[in-house]
Protein chains: 2
Amino acid sequence: MRYMLTYSYDGTNFNGYQKQKGLRTVQGEIEKALKSINNKATKIHSSGRTDALVHANNQVGHVDIDVKITEYKLKSALNSLLDDDIYIKDAKKVDDDFHARYMVKKKEYVYKLNMGEFNPIERNYIFQYCNNLDVTAMKKAIKFFKGTHDFTSFSSNQDRKEDNVRTIYKASIKKEGTTLIFTFVGSGFLKYMVRIMVGALIMVGNGKISYKDINKIFDKKDKSLVKITAPGCGLYLNKIWY
Amino acid sequence: MRYMLTYSYDGTNFNGYQKQKGLRTVQGEIEKALKSINNKATKIHSSGRTDALVHANNQVGHVDIDVKITEYKLKSALNSLLDDDIYIKDAKKVDDDFHARYMVKKKEYVYKLNMGEFNPIERNYIFQYCNNLDVTAMKKAIKFFKGTHDFTSFSSNQDRKEDNVRTIYKASIKKEGTTLIFTFVGSGFLKYMVRIMVGALIMVGNGKISYKDINKIFDKKDKSLVKITAPGCGLYLNKIWY
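Let me begin by describing the structure that accompanies this report.

### What to know about the relation of the copies chain B and chain A
Inference 1: Mapping chain B onto chain A calls for a screw motion: a turn of 180° about the axis and a shift of 0.0 Å along it, with 0.0 Å RMSD after fitting. On the angle and the small slide along the axis, the relation comes out as a two-fold axis. Residue Glu122 of chain B, judged by its C-alpha, is the member of chain B lying nearest the rotation axis, at 5.0 Å.
Inference 2: A high fraction, 100%, of the interface residues of chain B reappear at the interface in chain A, so the copies pair face to face through one surface.

So, in structure tokens, the structure goes:
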């Protein structure tokens, strides 16, 4: 029986999402718990990886479980086996052709940045930029990310050979006190794409580039133009639509 | 020269505030940094200790520094020596008779509790109670804490011989989504007092006692009546008035 799992995690104390021998990862911890429920090695297929230190409010994955178990029991058995920095929010029976990665329609990422004084309590959850930014210019700049574009300039070098065209449906900035909250909804995201878009917006906000330069950077398809990749700790995989 | 330091810390990875041989504590870390600036063992006298796992947005302490150093340099030197879970927000020259503990007029503590689904990302910063509470009853109950009372029933047993009379100027509950934010301003607080008051409010909220019972518990001067001490991770030392 195939189950869709929805789960949240605090990325701080993991060596990223993807399973790696000898390292504590989100995938590795969940598969260890699944093995003791399913009595055999059991893979979780997620909607996609998240980078080191990145958090998830609603990651989604699918698993195939042979033993008979209710949705509620699967959820509670997993939570009792997992450490408290991962939490299974929901386990739902799905058709055998459901695929957590291939059937993604849209994803939402949120990025949090603090322009104010360094806050040790939030250091792993909000990027402590601790400098003022020109939010008005950034709000003009972020509009350029909306729509369908080749995002080569806003991804890591490794992705260059692939198809780098993606569609961004929503790109917004909200200011709450000294915190900026960026929201991006898109058809899909390339490696480091959200963090590099936020990096470009920081460059607009601190005056290194003009908001109009975002368009030029798109055109040049050159990753080296955006010098800032915002750190992983401020990023949240927030929602996935199927 | 005496300096008043204002500092914030994330209590998660400390063995409490107070210096203990061989353990990482807030006081121990600050005094280690002070020693390397002042070239000799240098004590920090804080407004008071905080328990293990408790956070501070604005803790205050005073230190005596013999070497000549500006306020700004002292702040930046300390921050460069300290790990990023403590942050010196301000260093200010004060008169030699200033005392961070004896001259406290009022203190504000904030307690955060989540009634909603377990959130792994906030587990060290908001107590994950994860059950509904009758907030209306709790708002009636919290009023009983205001004013001048003997708080013996709302403190740990060790304090019984001392004078347990304190004055609470403000006691309020605010609901933000599924999170309850308790604020207490008082002349001073006994050991575990905020966490036991929150524990009593939880007992009101889950129906174990009536809101009117708070008064009876005060009268009995018996610590054993409040069965819940809310965990340290939800507590913040927020503000100190001199």
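### A short note on the interface of chain B and chain A
Inference 1: Facing 19 residues of chain B, the contacting portion of chain A comprises 19 residues.
Inference 2: Carbon and sulfur atoms make up 60% of the surface buried where chain B meets chain A, a total of about 1700 Å² over both sides.
Inference 3: Inspection of the chain B/chain A interface yields six salt bridges.
Inference 4: In this structure, the salt-bridge partner of Asp84 of chain B is Arg123 of chain A, at a minimum N-O distance of 3.1 Å.
Inference 5: Seen at the junction of chain B and chain A, the total is four residue pairs in polar contact (both at pLDDT 80 or more).
Inference 6: Looking at the side of chain B that touches chain A, the elements that each hand over two or more residues are strand S1 (2-9), strand S3 (55-64) and strand S4 (86-94) of chain B.

### Some thoughts on the pattern of salt bridges
Inference 1: Taken as a whole, this structure holds 26 salt bridges over all chains when the rule is applied.
Inference 2: Here Lys19 of chain A and Glu31 of chain A are joined by a salt bridge, their closest N and O atoms 2.9 Å apart. Highlighted residues: Lys19 of chain A in the loop between strand S1 (2-9) and helix H1 (26-38) and Glu31 of chain A in helix H1, separated in sequence by 12 residues.
Inference 3: As a salt-bridge pair, Arg195 of chain B and Asp51 of chain B come within 2.9 Å of each other at their nearest N and O atoms. With Arg195 of chain B in helix H4 (residues 193-205) and Asp51 of chain B in the loop between strand S2 (45-46) and S3, this residue pair connects regions lying 144 residues apart in the sequence.
Inference 4: With relative accessibility at 12%, the residue Arg195 of chain B sits in the buried group.
Inference 5: Given a relative accessible area of 22%, Asp51 of chain B falls into the partly exposed group.
Inference 6: Linked through salt bridges whose partners overlap, the residues forming this network are Asp10 and Asp84 of chain A together with Arg123 of chain B.

What counts and what doesn't
- Residues numbered from 1 in each chain as written.
- Chains lettered and ligands numbered in written order.
- Predicted model: local features only at pLDDT ≥ 70, side-chain atom pairs only at ≥ 80, totals over all residues.
- Heavy atoms only, no water.
- Least-squares fit on C-alpha atoms with pLDDT ≥ 70 in both.
- Contact = heavy atoms within 4.5 Å.
- Buried area = accessible area lost by both parts, 1.4 Å probe.
- Salt bridge = Lys/Arg side-chain N within 4 Å of Asp/Glu carboxyl O.
- Polar contact = N/O pair within 3.5 Å; in protein donor to acceptor, adjacent residues only side chain to side chain.
- Helix = DSSP H or I, 4+ residues; strand = E, 2+ residues; numbered from the N terminus.
- Buried < 20%, exposed > 50% of the residue type's maximum accessible area, 1.4 Å probe, protein only.

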